[in-house]
Number of protein chains: 2
Amino acid sequence: MNVSILGTHTTKFGELWDVGPRALAREAMQNALKNSGIEAGQIEALFVGNMLSGILGNQENLGSFFANELLDGVAAFKNEAACASGGMAMHNAVNSLAAGKYKTVMVLGIEKMTDHGVTEVTDGLMAAGSDEERQAGITFPGLYALMAKVYLQMYGVTEEELSSIPVKNHFHGALNPKAQFPFAVTLEQVMSGARIADPLKLLDCSPITDGAAALVITTDPKLIKKFKKPVSVVASQVATDTLALNARASYVSINATLVAGEKAFKEAGVKKENIHVAELHDCFSIAEAIALEDLGFSKRGRAAKDVTEGKFRLDGEGLVVNTSGGLKAAGHPVGATGIKQINEVVMHLREESGKRQVKGAKMGLTHNVGGSGAIAAVHIFSN
Amino acid sequence: MNVSILGTHTTKFGELWDVGPRALAREAMQNALKNSGIEAGQIEALFVGNMLSGILGNQENLGSFFANELLDGVAAFKNEAACASGGMAMHNAVNSLAAGKYKTVMVLGIEKMTDHGVTEVTDGLMAAGSDEERQAGITFPGLYALMAKVYLQMYGVTEEELSSIPVKNHFHGALNPKAQFPFAVTLEQVMSGARIADPLKLLDCSPITDGAAALVITTDPKLIKKFKKPVSVVASQVATDTLALNARASYVSINATLVAGEKAFKEAGVKKENIHVAELHDCFSIAEAIALEDLGFSKRGRAAKDVTEGKFRLDGEGLVVNTSGGLKAAGHPVGATGIKQINEVVMHLREESGKRQVKGAKMGLTHNVGGSGAIAAVHIFSN
């Protein structure tokens, strides 16, 4: 069955103090509908990806909460898997369509983080982690810093090489007006940043962000035919690993990514060489390096060196990674990230990405991670 | 495609202060596997139904959290829709199987509520409600009391008639050793109870409960054939309405139930007369009365009178409702309730319900509601 994405919309990402969650969701939902050229009444279900509404906003029942804005009466629920909540919402939406339960559904990823104090948000984000690591006082920057330490030592990679990753992503982000930080940064700026958790510096870390992203997805042949540039979902896979980093086999590979990636390439029947554009989960520089290797786009220990040499950039050759700016430059509203990634790839497959268009992109991949690698979703799309 | 339930397990419901969420989940998961006669390695995904882990426990990423107990590496995520979270987890699980994405998955409903102060839990539960009704200070007992007031006045029903519902459910609960309150109550006891929110008295209200329920569900013909008494899922439907009660068309009907129920009967291709056993969402006495009418089991305004006259009881004739004791007597660990309901119906369809067996039950229905009717899930099962 052909599961196709119609319209998409991603809101501006940033500190959006002038809108509440409802208005933010409505903006994404209304514009995704408009972009699809269909009416609200044609949507049968709403899959919401969100992590923190309960902890930060004391609001659950989010399916109904957001359906009320536009889609009264539809089946609707919240899908939660920490920073991979958007990817999970998409996975459940795709399954519901492939099952024939619904013909046309909407997926909404949303997170409103900056209305709350930084400590409150940081505490909330630790809800994605394991009890023992939290009790030991280690934060997510700390967990990813441990991975980075091992990675740098094991492969003889320098901090400068690792920091080429945010430089690349800010280079792309400068071309994305919706990015939270739509400007370039130099390697010197990254290297001279405050050390958040050694060896990770300020500009190795993704920010706290408000944002929403929505898309319409269908199996209805009439809607697909009528829509100018539908994009097919050719793989949707998810895998988990332990919540605790210390319980894992490796610090320089995320098994959930390995498993979900392998299954996704198998489901799509394509090879890594077929992917022209990808959005990978770069919550920290090291996360993108590991993802590039786990998905087979770089050899083990080579990802940071590859990026240093100019690979995965819009002005280079071959696969381009994180054209949106990634989580680093575009921002990371956790529940929205997985859907923003998909919308970004879809725009390339429709040749609608303007200045940051990957020319002739035929196939794209998104990779969304929760916690320090406890869960990963990999989706593949084709035009 | 035949989607069949294999093993099930529901833990003791009550104030379970000697187990934490992990141990409670493990008990349900391990026993559901054992009851299925399969190994953990045969499970491909875990669908967790839970509402309050974030608000009460500052723990999200529950898919991975609980998968780690038994099912390392599987796809796993949390499904949230307030008190209907269990029903939503089942809906997404059934869709994933019908889509052919997985062959065999586990569904886990769980809630650990009594480790927290009553005010904290009550505040947390209000996360299922609308902003304006919360700000006005109205609680869920208050919302359902408004429905009860209108219902009693509109149909000339007495408080005694309405209170026959918890009497029936405690009569059943006395036969369920896993119930939180496994004893009968008299009409006099219900009528003389403290008024929680007039006209609802203490014994019209479901309690705060710890508990978990798990089941294994598959499309694998070999597993279905090998399993002694598989139960088929013949319908899985969900609908929403406004979060706010004051925004709805009626106080004596829940539109989400009406819509999900109609769609479920249509999907199953059966009539209400075909249902022998049902678990309905009796968070308050009035909720069961309205559900009986919305699903067509009683005429409008007749449900409480029907129960008063002995209908829907194990010692009566025809459809039996809430043999587990319902939310009222069995308890209401919110995320677990939807799965407990399914497990209860499955036990009847397997003729394994001992003293409370509905003889010759061939077809069963479950009805799970979130908030004051913002969302409802209806499932139908056949042996």
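Everything below is about the structure shown above.
Residues numbered from 1 in each chain as written. Chains lettered and ligands numbered in written order. Predicted model: local features only at pLDDT ≥ 70, side-chain atom pairs only at ≥ 80, totals over all residues. Heavy atoms only, no water.

K.L.:
Any chance you could explain the relation of the copies chain B and chain A here in plain terms?
P.N.:
What relates the pair of chain copies is a rotation about an axis plus a shift along that axis. Superposition of chain B onto chain A requires a rotation of 180 degrees combined with a translation of 0.0 Å along the rotation axis, giving an RMSD of 0.0 Å. In the structure described here, the two chain copies are related by an operation that fits a two-fold rotation axis. In terms of proximity to the rotation axis, the leading residue of chain B is alanine 99 of chain B, whose C-alpha is 1.9 Å off the axis. (Least-squares fit on C-alpha atoms with pLDDT ≥ 70 in both.)

K.L.:
What is the right way to read the interface of chain B and chain A from this model?
P.N.:
How big an interface is tends to be stated in terms of the accessible area lost upon association of its parts. Contacts between the two partners involve 53 residues from chain B and, on the opposite side, 53 residues from chain A. Carbon and sulfur atoms make up 43% of the area that chain B and chain A hide from each other, which totals about 4,100 Å². Together, Asn61, Glu80 and Lys101 of chain B form the three largest contributors to the area buried by chain B at its contact with chain A, with a combined 16%. Counting across the interface, chain B meets chain A through 4 salt bridges. Close ionic contact of arginine 22 of chain A with aspartate 131 of chain B constitutes a salt bridge, the shortest N to O distance being 3.3 Å. Taken together, chain B and chain A are joined by 38 residue pairs in polar contact (both at pLDDT 80 or more). Grouping the amino acids of the side of chain B that touches chain A by side-chain chemistry returns 23 nonpolar, 20 polar and 10 charged. Of the strand pairs in this sheet, strand 3 (residues 75-80) of chain A and strand 3 (residues 75-80) of chain B are connected by 3 bridges, and their pairing is antiparallel. By the bridge assignment for strand 3 of chain B, glutamate 80 of chain A is matched with lysine 78 of chain B. (Contact = heavy atoms within 4.5 Å. Buried area = accessible area lost by both parts, 1.4 Å probe. Salt bridge = Lys/Arg side-chain N within 4 Å of Asp/Glu carboxyl O. Polar contact = N/O pair within 3.5 Å; in protein donor to acceptor, adjacent residues only side chain to side chain. Nonpolar A, V, L, I, M, F, W, Y, C, P; charged D, E, K, R; others polar. Pairing = 2+ DSSP bridges. Helix = DSSP H or I, 4+ residues; strand = E, 2+ residues; numbered from the N terminus.)

K.L.:
It is not clear to me how the pattern of salt bridges should be interpreted in this structure. Could you clarify?
P.N.:
All names here are of chain A. Across all of its chains, the model carries 50 salt bridges over all chains by this definition. Note that glutamate 159 and arginine 195 form a salt bridge whose closest N and O atoms lie 2.9 Å from each other. Remark: arginine 195 occurs in strand 5 (residues 195-197) and glutamate 159 occurs in helix 8 (residues 159-162); sequence separation between them is 36 residues. Owing to a relative accessible area of 21%, glutamate 159 belongs among the partly exposed residues under this scheme. Here lysine 201 and aspartate 204 are joined by a salt bridge, their closest N and O atoms 3.7 Å apart. This pair shows no difference in class: lysine 201 is buried, exactly as aspartate 204 is. Here the residues in one salt-bridge network are Lys149, Glu159, Arg195, Asp198, Lys201 and Asp204, joined through shared partners. (Buried < 20%, exposed > 50% of the residue type's maximum accessible area, 1.4 Å probe, protein only.)

K.L.:
Where do I start with helix 5 (residues 118-125) of chain B in this structure?
P.N.:
Note: α-helices contain 3.6 residues per turn, so residues at a spacing of three or four share the same orientation. Residues and elements named next belong to chain B. When helix 5 is considered as a whole, its buried residues turn out to be Val121, Gly124 and Leu125. Buried residues of helix 5, viewed axially, fall in a sector of 95 degrees; they line one side. Of the surrounding secondary structure, the elements contacted by the buried residues of helix 5 are helix 2 (53-57), helix 7 (140-155) and helix 15 (334-349). (Arc of directions from axis to C-beta.)

K.L.:
I'm lost on the packing of aromatic side chains in this one. Help?
P.N.:
The tally for this structure, following the rule as stated, stands at 12 aromatic pairs over all chains. Relative to phenylalanine 66 of chain A, the ring of phenylalanine 65 of chain A has its centre 4.9 Å away and its plane inclined at 80 degrees; by these criteria the two rings are edge-to-face. Owing to a relative accessible area of 5%, phenylalanine 65 of chain A belongs among the buried residues under this scheme. Using a relative accessible area of 2% as the deciding quantity, one classes phenylalanine 66 of chain A as buried. Judged by centre distance (6.0 Å) and plane angle (50 degrees), the ring pair of phenylalanine 181 of chain B and phenylalanine 183 of chain B falls under tilted. Take phenylalanine 181 of chain B: its relative accessible area is 24%, and that puts it in the partly exposed class. For the cation-ring pair, arginine 313 of chain A lies above phenylalanine 171 of chain A, with the distance from its terminal atom to the ring centre recorded as 4.1 Å. (Phe/Tyr/Trp six-rings, centres within 6.5 Å; stacked < 30°, edge-to-face > 60°. Lys NZ or Arg CZ within 6 Å of the ring centre and 35° of its normal.)

K.L.:
Looking at this model, I keep getting lost on the layout of surface pockets. Mind explaining?
P.N.:
To find leftover empty space, a probe the size of one water molecule is rolled over the atoms. The calculated volume of the largest pocket comes to roughly 730 Å³. It is helix 5 (residues 118-125) of chain A that contributes the most residues to the lining of the largest pocket, 4 residues altogether. Looking at the lining of the largest pocket, its residues break down into 21 nonpolar, 9 polar and 2 charged. Size it by volume and the second largest pocket reaches roughly 610 Å³. Lining the second largest pocket are 29 residues; nearest its centre among them are Pro141, Ser206, Pro207, Ile208 and Phe284 of chain B. Elements with a contribution of two residues or more to the lining of the second largest pocket: helix 5 and helix 7 of chain B. (1 Å grid on protein atoms, 1.4 Å probe; cavity = no way out; pocket = protein on both sides within 12 Å on 5 of 7 lines; lining within 4 Å. Points joined across faces, edges and corners; volume = space filled by probe spheres on them.)

K.L.:
Can you walk me through unusual backbone geometry in this structure?
P.N.:
Glycine aside, negative phi is the norm for most residues, and most peptide bonds take the trans geometry. Each neighbour pair has its own omega, and for aspartate 198 of chain A with proline 199 of chain A the value is 10 degrees, a cis peptide bond. Here proline 199 of chain A shows up in the loop between strand 5 and strand 6 (200-201). Phi angles above zero are rare outside glycine, and asparagine 58 of chain B is one such case at about 50 degrees. By the element assignment, asparagine 58 of chain B lies in the loop between helix 2 and helix 3 (62-70). Located in the positive-phi region is asparagine 322 of chain B, a residue other than glycine, with phi close to 65 degrees. Within the secondary structure, asparagine 322 of chain B is located in the loop between strand 10 (320-321) and helix 14 (326-330).

K.L.:
Before we go on, may I ask you to explain the pairing of strand 4 (residues 104-111) of chain A in this structure?
P.N.:
A regular strand places its side chains on the two faces of the sheet in alternate fashion. Residues and elements named next belong to chain A. The buried count for strand 4 comes to 8 of 8 residues, which makes it a mostly enclosed element. Of the two faces of strand 4, the one holding Thr104, Met106, Leu108 and Ile110 and the one holding Val105, Val107, Gly109 and Glu111 are both buried throughout. In terms of strand pairing, strand 2 (residues 45-49) meets strand 4 through 5 bridges, oriented parallel. Looking at the pairing, glycine 49 lines up with glycine 109 of strand 4.

K.L.:
I would appreciate a short explanation of the pairing of strand 11 (residues 363-370) of chain B in the present structure.
P.N.:
Residues and elements named next belong to chain B. Most of strand 11 sits out of view: 8 of its 8 residues are buried. Judged by which residues are buried, strand 11 turns out to be covered on both faces: Met363, Leu365, His367 and Val369 on one side and Gly364, Thr366, Asn368 and Gly370 on the other are all buried. Here strand 9 (residues 277-279) pairs with strand 11 via 3 bridges, running parallel. Pairing of valine 277 across the sheet is with glycine 364, part of strand 11. In this structure, strand 11 lies alongside strand 12 (residues 375-382), joined through 8 bridges in antiparallel fashion.

K.L.:
In this structure, what is going on with the environment of arginine 350 of chain A? I would like to understand it.
P.N.:
Residue and element names in this part refer to chain A. With respect to the secondary-structure elements, arginine 350 resides in the loop between helix 16 (334-349) and strand 11 (363-370). Under the relative-accessibility criterion, arginine 350 is labelled buried at 2%. With near-sequence residues (within four places) excluded, arginine 350 lies in contact with Leu6, Gly7, Thr8, Asn35, Phe227, Lys229 and Val231. Of the polar contacts made by the side chain of arginine 350, one reaches the side chain of glutamate 352; its length is 3.0 Å.

K.L.:
How do you make sense of helix 3 (residues 62-70) of chain A when you look at a structure like this?
P.N.:
For helix 3 of chain A, the tally of buried residues reaches 7 of 9 residues, placing the bulk of the element in the interior. Along helix 3 of chain A, the residues classified as buried are Leu62, Gly63, Ser64, Phe65, Phe66, Ala67 and Glu69 of chain A.

K.L.:
Could you clarify how one ought to interpret the packing of helix 9 (residues 164-173) of chain A against helix 13 (residues 285-294) of chain A in this entry?
P.N.:
Geometrically, a packed helix pair is captured by the angle between its two axes and the distance between the axes. Residues and elements named next belong to chain A. Running from N to C, helix 9 and helix 13 cross one another at 95 degrees; their axes reach a closest spacing of 8 Å. Overall, the two elements helix 9 and helix 13 adopt an arrangement that is roughly perpendicular. Where helix 9 approaches helix 13, its residues Ile165, Pro166, Lys168 and Asn169 are matched on the opposing element by Ser285, Glu288 and Ala289. (Axes fitted to C-alpha atoms, helices over the stretch in contact; angles between N-to-C directions. Parallel < 35°, antiparallel > 145°, perpendicular 65-115°, else oblique.)

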